[in-house]
Amino acid sequence: MARRPSILFVNQHYWPDVASTGQHLTDLAEHLVRAGFDVGVLCGQSGYKGQLDAPAHEVHNGVEITRLRTTSFGRARHLGRIVDYGAFYAQVLARLLTGPRVDLVVSLTTPPLLSFAASLAKRARGQRYAIWSMDLHPDAEVALGMLDEGGAAARGLHALNDAGYRGADLVIDLGFRMKERIEAKGVRPERLTTIEVWSDGDEVYPVAPADNPLRRELGLRDDQFVVMYSGNAGLAHRFDEVLETMRRMKDDDRVFFLFVGGGPRKAEIEAFAQSHGLRNFRYANYFPREQLAESLSVGDVHLLTLREAMAGIAVPGKLYGILAAGRPVVMVGPERSEPARTIREAGVGVVVDPAADGGRGGADRLEAALRTLADEPAERRATGERAREVFLKHYDRPILCDAWAEALRAQIPTPVSV
């Protein structure tokens with residue numbers, strides 16, 4: 001019989017870790033097992049929220065998981081994160097250089113430079129590898145002002161990262177802007193394939209306000225228009241226009257602004273709401289994954305934001321959960337970006353680009369868009385139904401995981417009979 005093709009994924013996060021990259025990797029790895037692959041995962045025992053209560057080695061749903069014990073200083077301090085990443089990176093490199101060979105190693109981008117470790121293994125022992133480019137580093141740190149583009153640190157990190165990308169046999173990008181940035185690193189176009197991240201249509205689906213227990217739990221009226229921001233409020237996102245619009249609409253009792261999640265900008269947003277006396281605002285903690293359909297359906301419309309400098313460096317995956325929940329999207333961010341193109345071409349919402357008029361009037365256009373959506377419930381429902389249809393056709397988990405299986409099979413020699 002034919003030998004099953006073997007894949008080893010390398011990423012800091014994996015089940016039961018709650019990090020987004022870990023959840024998507026878990027979806028894909030388990031799908032590939034069902035599709036006929038032998039799948040292993042090399043990850044860390046230290047997760048997004050601290051040390052995981054999980055063994056160093058186990059097989060879960062057919063996936064062989066090896067968790068590396070490293071330092072766990074956490075994400076609170078940059079130095080601690082660097083030490084954690086360095087300890088993980090060193091152990092990964094040792095495993096790739098000395099561990100069992102597989103048909104293809106697939107490195108993700110947490111921590112950065114994993115692809116360079118894979119490139120060293122390719123040079124040393126001919127181990128083929130691919131990259132799942134969830135985001136770009138040190139491009140992100142430069143764009144956010146954490147590194148000086150012309151400085152020695154940025155130049156050195158760019159050199160290592162770009163070498164890792166150029167040596168890859170396959171790079172999976174998340175969209176056209178990211179593809180452009182990766183090509184600029186010297187990666188040949190034929191080695192690039194676009195596969196977006198996904199949501200699960202069986203897990204996330206529309207729930208009507210009257211049937212949603214979370215709306216009652218949050219004290220929201222069925223007739224109240226809820227503007228929702230769900231997910232990480234991070235440095236890659238912009239909130240100036242959102243906060244100004246909230247200030248302008250603070251006395252509109254029919255509108256409620258609900259933020260769910262956390263992130264480094266959370267305290268800033270809460271402080272703004274308090275200082276301006278926003279009564280129609282609440283910041284709630286994340287809900288469990290099994291309540292994701294109800295959580296995302298609380299919003300009548302969802303906000304998505306992105307800084308111009310981050311276009312193509314980070315591609316907000318939250319868009320696909322919003323579409324799965326059948327809700328319109330209002331994006332504040334660059335027109336020339338992956339989510340903006342999807343929103344416009346699919347007709348599932350509105351894009352407000354603050355740079356379109358020289359940085360003026362963004363809040364005016366955002367406020368107008370939200371008031372229009374609040375005033376036209378029939379059009380809002382039609383847009384939400386269209387969002388769900390687009391999701392089921394293009395962004396549901398089985399569709400994109402099948403695309404992954406096809407891309408990986410094309411990279412692996414025909415299995416030999418054993």
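Just above sits the structure.
Residues numbered from 1 in each chain as written. Predicted model: local features only at pLDDT ≥ 70, side-chain atom pairs only at ≥ 80, totals over all residues. Heavy atoms only, no water.

Asks: How should I be thinking about the overall build of the protein chain in this particular structure?
Replies: Regarding its fold elements, the protein chain presents 15 helices and 16 strands. Its C-alpha atoms put the protein chain at 65 × 50 × 40 Å along the principal axes. Looking at the 418 residues of the protein chain, the share that counts as buried comes to 56%. Expressed as a percentage of contacts within the protein chain between residues at least 6 apart in sequence, the contacts between residues at least 24 apart total 71%. (Helix = DSSP H or I, 4+ residues; strand = E, 2+ residues; numbered from the N terminus. Buried < 20%, exposed > 50% of the residue type's maximum accessible area, 1.4 Å probe, protein only. Contact = heavy atoms within 4.5 Å.)

Asks: Please explain helix α14 (residues 377-394) as it appears in this structure.
Replies: For an α-helix, 3.6 residues make a turn, and residues three or four places apart therefore share a direction. Given a rise of 1.5 Å per residue, 18 residues ought to cover 26 Å, and the 26 Å separating the end C-alpha atoms of α14 matches this to within 8%. Residues R380, T383, G384, A387, R388, V390 and F391 constitute the buried set of α14. Burial along α14 is one-sided: seen end-on, the buried residues are contained in an arc of 165 degrees. Facing away from the buried side of α14 by more than 90 degrees, the exposed set consists of A378, R381, E385, E389 and K393. (Expected span 1.5 Å × (residues − 1). Arc of directions from axis to C-beta.)

Asks: Even after reading the chapter, I still don't get the side chain of D300, so can you show me in this structure?
Replies: Checked against the element boundaries, D300 lands in the loop between α10 (292-298) and β14 (301-305). A distance of 2.8 Å separates a polar side-chain atom of D300 from the backbone nitrogen of V226. Setting aside residues no more than four positions away along its own chain, D300 makes contact with P209, R215, Q224, F225, V226, R327, P328 and R380. (Polar contact = N/O pair within 3.5 Å; in protein donor to acceptor, adjacent residues only side chain to side chain.)

Asks: Mind showing me how you'd approach the sheet that holds strand β9 (residues 170-173) here?
Replies: The strands that make up a sheet are held in pairs by hydrogen bonds between backbone atoms, and each pair lies either parallel or antiparallel. One open sheet accounts for eight strands, arranged β5-β6-β2-β1-β7-β8-β9-β10; its pairing is mixed. Edge positions in the sheet fall to β5 (57-60) and β10 (192-194), since each has one partner strand and no second. In this sheet, neighbouring strand axes are inclined to one another by 20 degrees on average, regardless of whether the strands run parallel or antiparallel. Relative to strand β7 (residues 104-107), strand β1 (residues 6-10) runs parallel, the two being bridged by four bridges. Paired with I7 across the bridge in β7 is L104. The strands touched by helix α15 (residues 397-411) are β1, β7, β8 (129-132) and β9; relative to β9, the strand with the most contacts, the crossing angle is about 165 degrees. (Pairing = 2+ DSSP bridges. Axes fitted to C-alpha atoms, helices over the stretch in contact; angles between N-to-C directions.)

Asks: Would you mind showing me how to read the sheet that holds β14 here?
Replies: The strand order β13-β12-β11-β14-β15-β16 describes an open sheet built from six strands, whose pairing is parallel. The sheet is open, and its two borders are formed by β13 (281-284) and β16 (349-352), each paired with just one other strand. In this sheet, adjacent strand axes meet at a mean angle of 20 degrees when their direction is disregarded. With six bridges joining them, strand β11 (residues 225-230) and strand β12 (residues 255-260) adopt parallel strand pairing. From the neighbouring strand, V226 faces β12, where its bridge partner is F256.

Asks: Honestly, unusual backbone geometry in this entry has me stumped. Any pointers?
Replies: Comment: phi is negative for the bulk of residues other than glycine, and the bulk of peptide bonds are trans. In this chain, T110 is followed by P111 through a cis amide linkage whose omega measures 0 degrees. With respect to the helices and strands, P111 occurs in the loop between β7 and α3 (114-125). In this structure, P138 follows H137 across a cis peptide bond, with omega equal to 5 degrees. With respect to the element layout, P138 can be found in the loop between β8 and α4 (139-143). Despite not being glycine, N61 shows a phi value in the positive range, around 50 degrees. Turning to its location among the elements, N61 is positioned in the loop between β5 and β6 (63-68). Located in the positive-phi region is L113, a residue other than glycine, with phi close to 75 degrees. Mapped onto the elements of the fold, L113 is located in the loop between β7 and α3.

Asks: What's the story with the packing of aromatic side chains in this structure? I'm lost.
Replies: To describe a pair of aromatic rings, one takes the distance between the centres and the angle between the planes. Taken as a whole, this structure holds nine aromatic pairs when the rule is applied. Feature note: the residues Y229, F239, F259, F281 and Y283 constitute an aromatic cluster, connected by ring pairs. The ring of Y283 has K266 sitting right over it, with the charged end atom 5.0 Å from the ring centre. One Lys or Arg, R341, reaches over the ring of F176 and ends 3.6 Å from the middle of that ring. (Phe/Tyr/Trp six-rings, centres within 6.5 Å; stacked < 30°, edge-to-face > 60°. Lys NZ or Arg CZ within 6 Å of the ring centre and 35° of its normal.)

Asks: For this particular structure, what's the right way to read the pattern of salt bridges?
Replies: Once their charged atoms are close, side chains differing in charge can pair, the charge on each being opposite to the other. Counting across every chain of the model gives 29 salt bridges. The partner of E241 in a salt bridge is R238, and the shortest N-O contact between them spans 2.7 Å. In this structure E241 comes out as buried when scored by relative accessible area, which is 8%. Residue R238 is classed as partly exposed on the basis of its relative accessible area of 22%. With a closest N to O distance of 2.6 Å, D375 and R254 form a salt bridge. (Salt bridge = Lys/Arg side-chain N within 4 Å of Asp/Glu carboxyl O.)

Asks: Honestly, the pairing of β11 in this entry has me stumped. Any pointers?
Replies: The side chains of a regular strand alternate, residue by residue, between the two faces of the sheet. Of all the six residues making up β11, six are buried; the element is thus mostly covered by neighbouring parts of the structure. Burial along β11 is two-sided: the residues F225, V227 and Y229 and V226, M228 and S230 are all buried. Between the parallel pair β11 and β12, the chain is carried across by helix α8 (residues 240-248), and the sense of this crossover is right-handed. The pairing of β11 with β14 spans two bridges and is classified as parallel. If you follow V227 over to β14, its bridge partner there is V301. (Right-handed = clockwise from strand over helix to strand, strands pointing away.)

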